[in-house]
Amino acid sequence: MRYIDEAAIDGALDPVFMADALREAFAGDIVVPVRHHHDIHRPEGEATLLLMPAWTGASQTEAFVGTKIVSVYPMNGARHLPAVMGTYLLMDGTTGAPLVTLDGARLTTWR
C-alpha cells in the first residue's frame, strides 16, 4: 500500500484541477454519511475522533470506499505537536482492499 505525503499531494494538485474534481465528485453518485464524532476522555485532557466515510454509488463504473480519520487533541500544543492530525484511507470498493493512505490534513487544506 502506498502512502502519499504532504509534498506529493502538493506536487500532484493545482487549484483549477482540484475545483473541477470536487465539483464533479459532489455532482456524482457519491454516498456521504454523516460523520461520526466521538469524545475521548484522557487524564491529560479531552480529545475528539472524527470518522468521515464516503463511497461511490452503484451507478459508478469504478468502486471506491474512502474514510478520513481525524484526531483533535488540543493538549498537543504542550507537546509541540499539531492539535489536529488526520489520514485518508482509500480502498477498492469491490474488494475492500486498502489502496493508499494520504496525509489527511493536507487534503483538508486543498479542499
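Residues numbered from 1 in each chain as written. Predicted model: local features only at pLDDT ≥ 70, side-chain atom pairs only at ≥ 80, totals over all residues. Heavy atoms only, no water.

Engineer: Would you take a moment to explain the pairing of strand β3 (residues 36-42) for this structure?
Structural biologist: Look at any regular strand and the pattern is simple: side chains alternate between the two faces of the sheet. Where β3 meets strand β4 (residues 45-56), seven bridges bridge the pair, whose relative direction is antiparallel. The partner of H36 across the bridge, within β4, is L51. Here β3 folds back onto β4, and the loop between the two strands holds two residues. (Pairing = 2+ DSSP bridges. Helix = DSSP H or I, 4+ residues; strand = E, 2+ residues; numbered from the N terminus.)

Engineer: Can you help me understand unusual backbone geometry in this one?
Structural biologist: Excluding glycine, most residues fall at negative phi; most peptide bonds, likewise, are trans. Phi is positive for H80, which is not a glycine, with a value near 60°. Considering the arrangement of structural elements, one finds H80 in the loop between β5 (64-72) and β6 (84-92). Overall, H80 belongs to the exposed group, its relative accessible area being 75%. (Buried < 20%, exposed > 50% of the residue type's maximum accessible area, 1.4 Å probe, protein only.)

Engineer: Please explain the pattern of salt bridges as it appears in this structure.
Structural biologist: Once the charged atoms of two side chains with opposite charge are near each other, the side chains can pair. Scanning the model with the defined rule gives four salt bridges in all. One salt bridge in this structure joins E44 and R79, with 4.0 Å as the shortest N-O distance. With a gap of 35 residues between them, E44 in the loop between β3 and β4 and R79 in the loop between β5 and β6 connect regions that are remote in the sequence. Relative accessible area serves as the criterion here: at 38%, E44 is assigned to the partly exposed category. Classification of R79 by relative accessible area gives partly exposed; the value is 43%. Salt bridges sharing partners connect three or more residues here, namely R42, E44 and R79. (Salt bridge = Lys/Arg side-chain N within 4 Å of Asp/Glu carboxyl O.)

Engineer: Hey, could you run me through the nonpolar core in this one?
Structural biologist: As a rule of thumb, nonpolar side chains are buried together in soluble globular proteins. By size, the foremost hydrophobic cluster in this structure holds seven residues: I4, I9, L13, M18, V100, L102 and L107. Setting aside anything within four residues of it in sequence, one finds L13 in contact with M18 and W110. (Core = buried A, V, L, I, M, F, W, Y, C linked by side-chain atoms within 4.5 Å. Contact = heavy atoms within 4.5 Å.)

Engineer: Just to check I follow, could you spell out the environment of Q60 for this structure?
Structural biologist: With respect to the helices, strands and loops of the structure, Q60 is situated in the loop between β4 and β5. What makes Q60 partly exposed here is its relative accessible area of 32%. Along the primary structure Q60 and W110 are separated by 50 residues, whereas in three dimensions their C-alpha atoms are 24 Å apart. If we skip the residues at most four places from it in the chain, Q60 touches G28 and D29.

Engineer: Can you help me understand helix α2 (residues 15-27) in this one?
Structural biologist: Since the α-helix advances by 3.6 residues per turn, residues separated by three or four positions end up pointing in the same direction. Taking 1.5 Å per residue as the helical rise, α2 with its 13 residues ought to reach 18 Å, and the 18 Å between its terminal C-alpha atoms agrees with that figure. Capping of α2 at its N-terminal end is provided by D14; its side-chain oxygen lies 3.0 Å from the backbone amide nitrogen of V16. (Expected span 1.5 Å × (residues − 1). Polar contact = N/O pair within 3.5 Å; in protein donor to acceptor, adjacent residues only side chain to side chain.)

Engineer: Quick question: what am I supposed to make of the environment of M75 here?
Structural biologist: Turning to its location among the elements, M75 is positioned in the loop between β5 and β6. If we ignore the near neighbours within four places in the chain, the residues touching M75 are R42, E44, G45, E46 and A47.

Engineer: Would you mind going over the pairing of β5 with me for this structure?
Structural biologist: As paired elements, β4 and β5 share eight bridges and run antiparallel to each other. From the neighbouring strand, W55 faces β5, where its bridge partner is V65. In terms of strand pairing, β5 meets β6 through nine bridges, oriented antiparallel. Of the residues in β6, the one forming a bridge with F64 is D92.

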